[in-house]
Each structure stands twice: as structure tokens, then as C-alpha cells.
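Single-letter residue listing:
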Amino acid sequence: MDAADVLIIGGGLIGCAAAWHLARAGTDVLLIERGELNAGASGQNAGSLHFQIERRFLEHGEALADQAARTVALSRLAVSEWRDLPAALGDDRLDVAMHGGLMVAQSDDELRLLERKAALEARWGLPTRLIDGAEARAIAPYLADDVRAASFLADEGHANPRLVTRALAEAAASAGARFAPQTVLRALVPVSGGWRVTLRRGAADVEVAAASVLIAAGAWTMAVGALAGVHLPVFPIGLQMNVTERVAPFLPHLVQHVGRRLSMKQAHDGNVLIGGGWPSRLARGEDGFDLARAPTVLVDSLTGNLAVAAATVPRVGALNLIRTWTGVVAITADQLPLAGAVPGRPGLFVIAGGSGFTLGPTLARAVSAEMLGRSAGDAAEAMALVAPARFAHLNAMLA
Amino acid sequence: MSEPCYDLAIVGGGPAGQAAAEQAVGAGLSVVMLDEQARMGGQILRQPPYEMTVASWLDARGYRALKRQLARAEALPGLTFLGRTSVAGVLREAAGFALIAVPTDSAPGRRVAARRLLVAAGCYDLPVPLPGWTLPGVMSAGAIQAFVKSQRLVPGERFVLAGTHPLQLILADQLVAAGGTVAALLFAQTPGAVAHALAGHAGAALRHAAPLAAAAASYARLRRAGVPIQFGRTVLAVEGRDEVVAARVGVPGEAGEAIACDRVGLCYGFLPQADLPRSLGATARWVERTGGWATVADAWQRGDVPGLYVAGETTGVAGAPAALEEGRIAGIAVARDAGRIDAAAAGRAAAEPRRRLAHLRGFAALLDAVADPRAVMTRLAGDDTIVCRCEDVTRAQLLAAAEGVAAPSDASALKLVTRAGMGLCQGRGCEAAVLRLLAERTGVGPEAIGGFTPRFPVRPVPIASVGEVGGR
Ligand SMILES: Cc1cc2nc3c(=O)[nH]c(=O)nc-3n(C[C@H](O)[C@H](O)[C@H](O)COP(=O)(O)OP(=O)(O)OC[C@H]3O[C@@H](n4cnc5c(N)ncnc54)[C@H](O)[C@@H]3O)c2cc1C
Ligand SMILES: Cc1cc2nc3c(=O)[nH]c(=O)nc-3n(C[C@H](O)[C@H](O)[C@H](O)COP(=O)(O)OP(=O)(O)OC[C@H]3O[C@@H](n4cnc5c(N)ncnc54)[C@H](O)[C@@H]3O)c2cc1C
């Protein structure tokens, strides 16, 4: 039987980042991935590094907004994580750009929402600056004339989802982590001193003994949890993204909209990426959503998203759309990440849920520390907020 | 503004689309046809001028039939024709399909709803990467023909034409007739390979004497005009700094000699345009000789997605007369599936088109065998040769990306790492080459590897045009 100190399930950004941290600490890591590395959400996302409170948290009342505000601590950590990442990986091709981000408001209601959000952020120590339309256009001349106000955060930006996960994987491999792509998890059984794991590669099943297991399976987290006999309440959500042809640089910032779904940035390659949480349609199977098939594009999301983009940054309207794609993100019931030790299952850890590109490297670092028995340091308080323990009631009656 | 929901939407006004429209309208169905061109005609009868008689690999009789079909289709009462309109994509809806239709002049797009959809989108030139092929002045046969056919314009002075497809003969003939100079006409395959292919389809060769005679006539005319025609040699590289100044010509693997020219035309074959059906999830099979995806159809030209029909070269390249027969069958099938005619009547109506189709497919198989590009096309690209011209990705970059930690082993993963296939053309230009390269490395066939995921839109379209589709 093969053996590893840590088995990581999932070759997305989070699995690869954790593999890097754990391998660097001298742990023997085996990462398995059902298909190709970076083929899940990590390679499909918008690449936004957004640290302002997301508008999805503002849509559902005060309680949720307050709770979300408490993760501002994580966002602050993520800012330094991303600033340091290229140097730490010795890789300057991650296209990390942190030239600031604007969340804009066009109507009165939106303006009020923006003010409420900025107040929350101020309370939790995020240095967002509320500026009027004229100042916003001074910073970002490409914005539409009817932009009334914006909240500006100097640290926001974007990085390249095509490259980050593979760079993490290369670094992890250099530190000794082993990678097994095209390998699916079949069974996860607790044994004394850890877990016995059954993997399928091609037609053959192999057994691996692992002292601990990290589930980094993105939208598939719930199914993987079931193999270990626990509920990991993470729900798949289909999203869609659009990208324009390449053009000369004109949009250095991350642009978001507080009242309408929009996130927009110009990638290093020159393409403008347009998204913002517009839904796609998850494929449906006999008895539930079918994550093996890609979600399909929704016309209303497509036209709606592009209309908001052109209304916010008129120049974008004249650019050619060259591609729309869909991806699946994992969300918890309270929209916060799910990261840390799984209660009642010694040696089992999970990281999933939420804006896992922005927060992924930070969560992976903190949970790796926890797996190594080290303190999470600055992250400890925020990590308590996202720990799986808050859903322990779901598993209290599972044997 | 509420738009009608048509019984049938047809993408493509070529022979296949026209023939289907005739059947469907005849059966009393409401039909909308969309085409990027201003008028119907498709690749074979690019208009205007529409009375012209350019040579084709068809004999005169075949041509006349196509023109009669075109005249009938243009006169169809009640057929809504939306010209200069790109179908950027098709999305499934509860009641059928939503086409995102965007005028080619960037006006606001619209959503066209239809219960059934026929994709008859034709084919496009097989791109063959070789050193220098991205220089201005290197053209596909299709691009040259577009000038010659619809504008009667010779797009250059001195042409070197190379490839394996017999269409080259026709193209050279058209160029010379229109006043151009063909410095060399090169068939990359050896005379032995041609003889072998003909012998293997001797029956078809006999049954299709007329188009072969048309090709022979072109050959003789070119010879008389002093055009050098050679077999077993091809363009190995194109030379020039900012534009073409010469073609390096010879046998693959050798240095070759330079022939001065300002245009190089490449003609190794054609690939089915199958991205719309594939984006809907329809099954397509890998075409062994040329690469590319041919949409799979049943005996009624139905794709394996409910409500989807496919006809003409979207299902495989077989020539215009075959496209027309497939379109006819598709139109009959739509009428039948919509309950306008019964199964027996449909069977009777389809019998004659099916007989002709079987006959025509024999000729297509012969052409395929003669034009087989495989022995040559994979031997032309060097390590520095650009494979994806939209994103400037070289063969060496693709090879390097296919090494390393958990290296990509499918087309989409390789695309994500290298950007090959991420450009304006949606990967149409490099997919076949990328798949061949992966197949070489992994030992897994292209069909099993699977191509780039087909995505909306199949044509680049302005953001504002799509944003305005909602219009609400
Ligand atoms: C369209 C879109 C836009 C987004 N935009 C942003 C953004 O701008 N900013 C941001 O912060 N976040 C964004 N996100 C969210 C972000 O992409 C994800 O949260 C993040 O990538 C999650 O990383 P992951 O490694 O957990 O998951 P994934 O990248 O999905 O990786 C999980 C992997 O686990 C593998 N796996 C699953 N089950 C098994 C099994 N049984 N055996 C073996 N392997 C298995 C899967 O194959 C997959 O590769 C976006 C998401 C989407 C879909
Ligand atoms: C350069 C070239 C030369 C050829 N010469 C010959 C020849 O000499 N003899 C012969 O038999 N065959 C020839 N063919 C093959 C020829 O294309 C077909 O035989 C015939 O035209 C096929 O008919 P079709 O109806 O399948 O497609 P086409 O005639 O190609 O018609 C397809 C139509 O669909 C439209 N279209 C495609 N996609 C979209 C979209 N997304 N939105 C809107 N409109 C769209 C196109 O504008 C086109 O008008 C040639 C092909 C090419 C490329």
C-alpha cells in the first residue's frame, strides 16, 4: 500500500496551494485530481482580487452583511498574501496586478448601498475610500458619465487564473509533493492513525494510507464529504463569464458595481474579462445536479451582463466579445468559506466555498498550518469564523 | 417587442439551407434563414455577380441544378431571409432554440426563436501551419476564391499554389482566366498516391466521369497557358519580412528552391463548420484525413439533440450537390417531425434524394482519397512555426507546455496554459494541429482526446450588440 502524510483531493488553486505549504514544511504530500490540474473553478474564474465587501452579501439584509464584514480580516491578510505570492513562488508570470478597484454606484439607491458598505468596512478596518463621480472619473476616465460615486480600494486588482494554479503546483512539486492527475477518489475510511483511501486510476483501484486528508474538491466537496460520512454543506452554483478581444491597455483597475452584477478588468494579455456573478444553468441529471457536464449559458445572463458592462464602461461596448464560458463555484448556506478541521473526523480537513481565488492562498496557508499543528497566527480569529464547526449540528446525528 | 417563434430556423443559405427551406416552406411551416452573406448562395454560388459562370469542380450540369435551386429559394414566398447576419450562438430554450443574431454591421443584435433548428453552415479551409504561413500574402483557397468569385478581382500578381486538394486546379484556372499569373501549381502528393487513390475508387471514377473531365479540362488549359504543374513538391516555407516575396518549394525534408511570388495560396482541404451543433452538445466525429469535426446525423439529417437538424458540409465535406440533397432530406424530416406530412409520404419524398446522395458520396470519397493531406501536412511545421496564429503560439511552446508537473493531456487544458485556441477564431484555425500534436505525444487518438470546448459566440460580435439583444 502506498502511503502519504497528507492526501489532498483536488488539483485546483486551493489543493495546489496547500500542497506547496505542506511540502515546504517537510510533509510527504500526495495530491490527486480527477481530471487535469486547474480544470475546475480555479481555471475558469474571473481572477478578481476583490477585498471590498461583495454585493452578494449586501443583498440579503443586515445580519448577513455584518457577518460578511467580519471576514474583512481575511481580506486584509489576502492583500499581503497576493502582494508576496510572485516573489515567494519565484514566478513573475502570474500577472498579479493590484492597481486599485472601484465599486461604482449609478442611482440613488445604489449610492445609499455604497455608503452603508463603506461604513461597515470602516468599522472592520478596511481602508475603502468613498469618492464622488468626478473623482472616480479622475482615477478611471473610462467610467460612464452617470457614475455617481464609487468606493475605491487601492489594493484591489487581479491575477491570471490560467497561470496561478500551475505555478503553485510546480512549486509544490519542487518541494517534493507528488501529483496524480486522472485519479478519482473512491473511498475514504477512517482507520487508527489516519485514513485509508481508495483511488481509481484508469481501470485499477489503489489503496493509500494517509495520516490526514484535505478535501479541496471545490463544487464536488459535498460528494467527497459523503465518502467520509459527513455533510460538508457546500452547494454548487453555475456562473458565467465573458471575454473580449485583446486591446491596448486602458483599464488598469478592477471595476465592480454595487447595484448591478458586474466585475470587469483588463487582463495582462489585453482581453477585458466581464463577469460579476451572473448565473448559468447547472446541468441536471436523474437525481440532482450533474456536475460532470458543464453548465449552459443563459441568454438573460449573457445580455444582462454585457449591457451592464457597456453602461458602466461605454468603451467596452465597441469591443468584440470572443468567448463566453461557464463554471461552477461552491457556496455555503451562509456564503462564508468552509475551512479547517472537520469536527468528529480526526485528520480530516476541508477548504471550500466562496471567493476562493482571492482568499484561496490565504485559506490554504492557514489550514496547512492547522494541519501541521501550528498556530494560524494573524488568521486565527478569522479562521474561527469560517471553521466547519459552525455546521457541526448537521453531523451530530451521523454515525 | 415580441418576436415570432418560427417553426424552423436555418443557419446558412448555401445549397443545403436552400433545399431545406424549399421543403419546409412547401409544407406550410414558418421558416427564417440567416446568413452572414448579403444574399443566399453559400460558398459555391457567392453573389454577386450571380450570372457569372466561374469554373468549379462541378460539371456544367451540376452547376445548373444549383442555380435553379437558388432561383427557387430566392422566390420562396414566406421565407424570412436575414442576410448580413451572423448567428453568434444558439442556446436551448424550453420551446426550442434561441439564436443570438448579430448584423455584420454591428447594429443591435436580436434573439430569434424557433422550435426547430437546421445548421447548414458549410465548411472552411484546412489551415496547415508551415514556416512563414502567417505572413501577409499567404491566403487560403477560400479567401482567393472569395475575391475571384464575388468581386472578379485577382488579389495579387504572381501566385504559387500548393496543397493536395484538386480544387487547386479550378482555382488556378479561375486565376489565369481572370488575368493572374500562376508561377507554380504544386500538388504535394506523389503521382503514385493519386493513381492509388483513383484505383481504389475506380468505380466512382467511372460513374463520375463528368466532374473528372472538368478537372482534366482545367489541367489542359493550365498547361496550354504555360502554368508549371508539379506533383510530389509543395511549399515548404514562405519567405519575406513584411509580406511574401518568395515560396520555398520542394520535397518535405529537403531545402527546396525559392520561387519569387507575392501570393501563396494553400489548399489542403476543407473542414466542416460544426461549432454550432457542437456547442449544443451534438455528437460530432473526428475526420481522420483532414481533422475537424463532422456533425453526426441520422438518416433524416437529425443531430442527436432534440429539434436539431444538420445538413451539407456541417456533416462532412462532400460537395455542393450532396449538400443540396442532404438539405432536401432535412427539410422533409422537419415537415414530418412537425406533423405536416406523414411518415409514408416523407419516406417517398426522401427516396430519390437519398439515391442521389449515395451516388454523390461515392465521388466525395474519391475526392477525399485523392486529396488526403496526411502524408505531407504534419511534416511542414518546424519548432518555431506558429501553430495558433491568433495568439502567436509556436509548436515549441505547445511541446514545452505538454511537459512538466501533471502536464496537460487534453486540448482544453493545453489551451489554458498556452492560449492556443483562445483567439478571435475560437480555435478553428489551430484545433486540428493542436490535437495532432497531443495525439503524437500521448498516443491517444484526437477523437478520444476531444477538441476545445465549443463556446459562445462562434463569431466575434460587439459587446453592445449582444447587450442590446435583451432590449427590455
Ligand atoms: C465563473 C467563476 C468566476 C469566479 N470569479 C472569482 C473571482 O473573480 N474571484 C474569486 O476570488 N473567486 C472567483 N470564483 C471562485 C473561485 O474560482 C473558486 O472559489 C476557487 O477557484 C476554488 O478553488 P478550488 O481549488 O477549491 O476548486 P476547483 O478549482 O474547482 O478544484 C477542485 C478540483 O477537485 C477535483 N475533484 C473533485 N472531486 C474529486 C474527486 N472525487 N477525486 C479527485 N478530484 C476531485 C475537481 O476535478 C477539481 O479540479 C469564481 C468562480 C467561477 C466559477
Ligand atoms: C473555397 C471553397 C471552394 C469550394 N469549391 C467547391 C466546388 O467547386 N464544388 C463543390 O461541389 N464544392 C465546393 N466547395 C464546397 C462547398 O462549400 C460546398 O460544396 C457547398 O457550398 C456546400 O453547401 P452548404 O450548403 O453545405 O454550405 P455553404 O454553401 O458553405 O453555405 C453555408 C452558409 O452558411 C453561412 N454561415 C455559416 N456559419 C454562419 C453563422 N454562424 N452565421 C450566419 N451564417 C453562417 C455562410 O455564410 C454560408 O453562406 C468549396 C468550398 C470552399 C470552402
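Residues numbered from 1 in each chain as written. Chains lettered and ligands numbered in written order. Predicted model: local features only at pLDDT ≥ 70, side-chain atom pairs only at ≥ 80, totals over all residues. Heavy atoms only, no water.

J.: With reference to specific residues and values, describe the site of ligand 1.
T.: Residue and element names in this part refer to chain A. As a matter of local geometry, ligand 1 sits amid 35 residues, with Glu33, Arg34, Ser42, Gly356 and Thr358 nearest to it. For ligand 1, an oxygen atom lies 3.1 Å from a polar atom in the backbone of isoleucine 14. One of the backbone N or O atoms of alanine 41 is found 3.0 Å from an oxygen atom in ligand 1. Considered on its own, ligand 1 offers 1,000 Å² of accessible surface; in the complex 94% of this is hidden by protein. Elements represented by at least two residues in the shell around ligand 1 include exactly α1 (13-24), α2 (41-44), β9 (183-191), β12 (234-246) and β18 (320-332). Here the shell around ligand 1 is composed, by residue class, of 16 nonpolar, 17 polar and two charged. (Near = heavy atom within 4 Å. Polar contact = N/O pair within 3.5 Å; in protein donor to acceptor, adjacent residues only side chain to side chain. Areas by Shrake-Rupley, 256 points an atom, 1.4 Å probe, with all protein chains shown as cover. Helix = DSSP H or I, 4+ residues; strand = E, 2+ residues; numbered from the N terminus. Nonpolar A, V, L, I, M, F, W, Y, C, P; charged D, E, K, R; others polar.)

J.: I'd love a proper account of the pairing of strand β4 (residues 101-105) of chain A, names of residues and values included.
T.: Residues and elements named next belong to chain A. Summarising burial for β4: five of the five residues are buried, a large majority. With burial as the criterion, each face of β4 is covered, one bearing Gly101, Met103 and Ala105 and the other bearing Leu102 and Val104. With five bridges joining them, β4 and strand β6 (residues 149-153) adopt antiparallel strand pairing. Among the inter-strand pairings, valine 104 is bridged to a residue of β6, identified as alanine 150. Across four bridges, the pairing between β4 and strand β13 (residues 254-257) is parallel. Within β13, the position partnered with glycine 101 by the bridge is leucine 254. (Buried < 20%, exposed > 50% of the residue type's maximum accessible area, 1.4 Å probe, protein only. Pairing = 2+ DSSP bridges.)

J.: Lay out the domain arrangement of chain A in plain terms, naming residues and giving numbers.
T.: All names here are of chain A. Each assigned domain of chain A is listed here: domain 1 (2-43 + 163-233 + 334-395) and domain 2 (98-156 + 235-332). Measuring from the centre of the C-alpha atoms in domain 1 to the corresponding centre in domain 2 gives 29 Å. Between domain 1 and domain 2, the residue contacts involve 15 residues of the former and eight residues of the latter. Between domain 1 and domain 2 we count zero salt bridges in total. Here domain 1 and domain 2 share four residue pairs in polar contact (both at pLDDT 80 or more) between them. Class assignment of the residues belonging to the side of domain 1 that touches domain 2 gives a composition of nine nonpolar, four polar and two charged. (Domains from an automatic or database assignment. Contact = heavy atoms within 4.5 Å. Salt bridge = Lys/Arg side-chain N within 4 Å of Asp/Glu carboxyl O.)

J.: Quick rundown of the sheet that holds strand β11 (residues 229-231) of chain B? Include the residues and the values.
T.: All names here are of chain B. In space, the five strands of this open sheet follow the order β8-β15-β9-β10-β11, with parallel pairing throughout. Looking at strand neighbours, the two that pair on one side only are β8 (138-140) and β11, the edges of this open sheet. Each strand axis lies, on average, 20° off the axis of its neighbour in the sheet, ignoring direction. Relative to β11, strand β10 (residues 181-187) runs parallel, the two being bridged by three bridges. Bridged to leucine 185 within β11 is isoleucine 229. Along the sheet face, helix α4 (residues 167-177) touches β9 (158-163), β10 and β15 (263-267) and points at about 175° away from the line of β10. (Axes fitted to C-alpha atoms, helices over the stretch in contact; angles between N-to-C directions.)

J.: How would you explain the packing of aromatic side chains if you had to name every residue and give the values?
T.: All names here are of chain B. All chains considered together, the criterion is met by four aromatic pairs over all chains. On the basis of an interplanar angle of 15° and a centroid distance of 5.0 Å, the ring pair of phenylalanine 187 and phenylalanine 231 is categorised as stacked. Taken together, the residues phenylalanine 187 in strand β10 and phenylalanine 231 in strand β11 connect sequence positions 44 residues apart. A ring pair is formed by tryptophan 286 and tryptophan 293, whose centres lie 5.1 Å apart and whose planes are at 65°; its orientation type is edge-to-face. Here tryptophan 286 matches tryptophan 293 in class, with each residue buried. The ring of tryptophan 300 carries arginine 354 above its face, with NZ or CZ at 4.2 Å from the centroid. (Phe/Tyr/Trp six-rings, centres within 6.5 Å; stacked < 30°, edge-to-face > 60°. Lys NZ or Arg CZ within 6 Å of the ring centre and 35° of its normal.)

J.: Before we move on, could you go through the interface of chain A and chain B and cite the residues and values that matter?
T.: With 37 residues of chain A at the contact, the number on the chain B side is 39 residues. Here chain A meets chain B over a buried area of about 2,900 Å², counting both sides, of which 59% is carbon and sulfur. Joining chain A to chain B, the criterion identifies three salt bridges. The closest approach of N and O atoms between B:Arg419 and A:Asp269, which form a salt bridge, is 2.6 Å. Summed over the shared surface of chain A and chain B, the number is 19 residue pairs in polar contact (both at pLDDT 80 or more). (Buried area = accessible area lost by both parts, 1.4 Å probe.)

J.: So what's going on with the packing of helix α9 (residues 320-337) of chain B against helix α10 (residues 343-371) of chain B? Residues and values would help.
T.: Residue and element names in this part refer to chain B. With their axes 9 Å apart at the nearest point, α9 and α10 run at an angle of 165° to one another. Classed by the angle they form, the pair α9 and α10 counts as roughly antiparallel. For the element pair α9 and α10, the recorded crossing hand is left-handed. On α10, the residues touching Pro321, Ala322, Glu325, Glu326, Arg328, Ile329, Ile332 and Arg336 of α9 are Ala343, Ala346, Ala349, Ala350, Pro353, Arg354, Arg356, Leu357, Leu360 and Arg361. (Parallel < 35°, antiparallel > 145°, perpendicular 65-115°, else oblique. Left-handed = near helix turned anticlockwise from the far one by under 90°.)

J.: Lay out the pairing of strand β2 (residues 29-32) of chain A in plain terms, naming residues and giving numbers.
T.: Residues and elements named next belong to chain A. In β2, alternate side chains face the same way, and those of Val29 and Leu31 on one face and Leu30 and Ile32 on the other are all buried. Sheet topology note: the strand β1 (residues 2-9)/β2 ladder contains four bridges and is parallel. The residue bridging isoleucine 9 from the neighbouring strand is isoleucine 32, located in β2. Crossover β1 to β2 through α1 is right-handed. In the sheet, β2 pairs with strand β8 (residues 178-180) via three bridges, with the strands oriented parallel. (Right-handed = clockwise from strand over helix to strand, strands pointing away.)

J.: If you had to explain the pattern of salt bridges to someone new, which residues and values would you point to?
T.: Scanning all chains against the criterion turns up 42 salt bridges over all chains. Between A:Asp108 and A:Arg148 there is a salt bridge, with its nearest N and O atoms 2.6 Å apart. Taken as a pair, A:Asp108 in helix α6 (residues 108-123) and A:Arg148 in the loop between α7 (133-139) and β6 lie far apart in primary sequence, 40 residues in all. Judged by its relative accessible area of 43%, A:Asp108 falls in the partly exposed class. Of the residues examined, A:Arg148 reaches a relative accessible area of 38% and is grouped as partly exposed. In this structure, B:Arg441 and B:Glu403 form a salt bridge, with 3.3 Å as the shortest nitrogen-oxygen distance. Separated by 38 residues along the polypeptide, B:Arg441 in helix α14 (residues 431-442) and B:Glu403 in the loop between α12 (395-401) and α13 (411-418) bring together distant segments of the chain. On the accessibility criterion, B:Arg441 (38% relative accessible area) is partly exposed. On the accessibility criterion, B:Glu403 (46% relative accessible area) is partly exposed. Sharing partners across several salt bridges, the network here consists of A:Arg162, A:Arg246, A:Asp269, B:Glu391 and B:Arg419.

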